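Summary of structural features
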Amino acid sequence: MACRISELVIDCADPDRMATFWSEVLGYVELDREDDGSIQIGPPDEGFGGAQPTLVLGAGREPRAGKLPLHIDVSPFDRDQDAELERLLALGARPAVGQTGTESWHVLADPEGNEFCLLRTRLRPL
């Protein structure tokens with residue numbers, strides 16, 4: 001037996017803004033909204049427990065200090081990396097660190113400064 005990741009939980013100051021951003025990035029939809037302000041987003045046809053993990057964006061109670069020990073990597077499946085980079089920047093992502101230009105990935109930050117990487121490898125659609 002083995003496990004697989006079913007959901008990722010991200011504390012954030014503005015769950016609505018983050019749910020909008022990550023839904024656009026991943027093609028996800030809102031699945032659930034809790035009384036505590038947390039929002040779960042996931043694949044529109046599968047929801048929780050499908051092939052892709054859902055994201056739970058919860059209102060963080062404490063300010064974050066420093067870089068997160070975990071970050072998300074995303075890979076395009078319907079366009080090349082350059083086109084996807086333009087799309088992510090238009091959605092509100094921003095370059096997070098200086099890069100040499102020789103890397104095969106782009107380090108970006110979401111609207112709340114959480115780093116994630118856009119990889120070059122194009123995935124097959126699910």
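Our subject is the structure listed above.
Note that the structure is predicted; figures quoted are calculated from it, not measured.

Digging into the pattern of salt bridges
Counting across every chain of the model gives five salt bridges. A salt bridge links R79 to E84, with the shortest nitrogen-to-oxygen separation between them at 3.4 Å. Judged by relative accessible area, R79 falls into the partly exposed class, the value being 28%. Between R87 and E84 there is a salt bridge, with its nearest N and O atoms 2.8 Å apart. Within this pair, R87 and its partner E84 are both found in helix α2 (residues 81–91), separated by three residues, close to a single helical turn. Accessibility expressed as a relative area gives 7% for E84, which makes it buried. Within this structure, D78, R79, E84 and R87 form a network of salt bridges that share partners.

Side note on the sheet that holds strand β8 (residues 115–119)
Taken in spatial order, the four strands line up as β5-β8-β7-β6 in an open sheet, and their pairing is mixed. The open sheet has two edge strands, β5 (72–74) and β6 (94–95), and neither has a second partner. In this structure, β5 lies alongside β8, joined through three bridges in parallel fashion. Along β8, the bridge assignment pairs I72 with F116.

About the thresholds
- Residues numbered from 1 in each chain as written.
- Predicted model: local features only at pLDDT ≥ 70, side-chain atom pairs only at ≥ 80, totals over all residues.
- Heavy atoms only, no water.
- Salt bridge = Lys/Arg side-chain N within 4 Å of Asp/Glu carboxyl O.
- Buried < 20%, exposed > 50% of the residue type's maximum accessible area, 1.4 Å probe, protein only.
- Helix = DSSP H or I, 4+ residues; strand = E, 2+ residues; numbered from the N terminus.
- Pairing = 2+ DSSP bridges.

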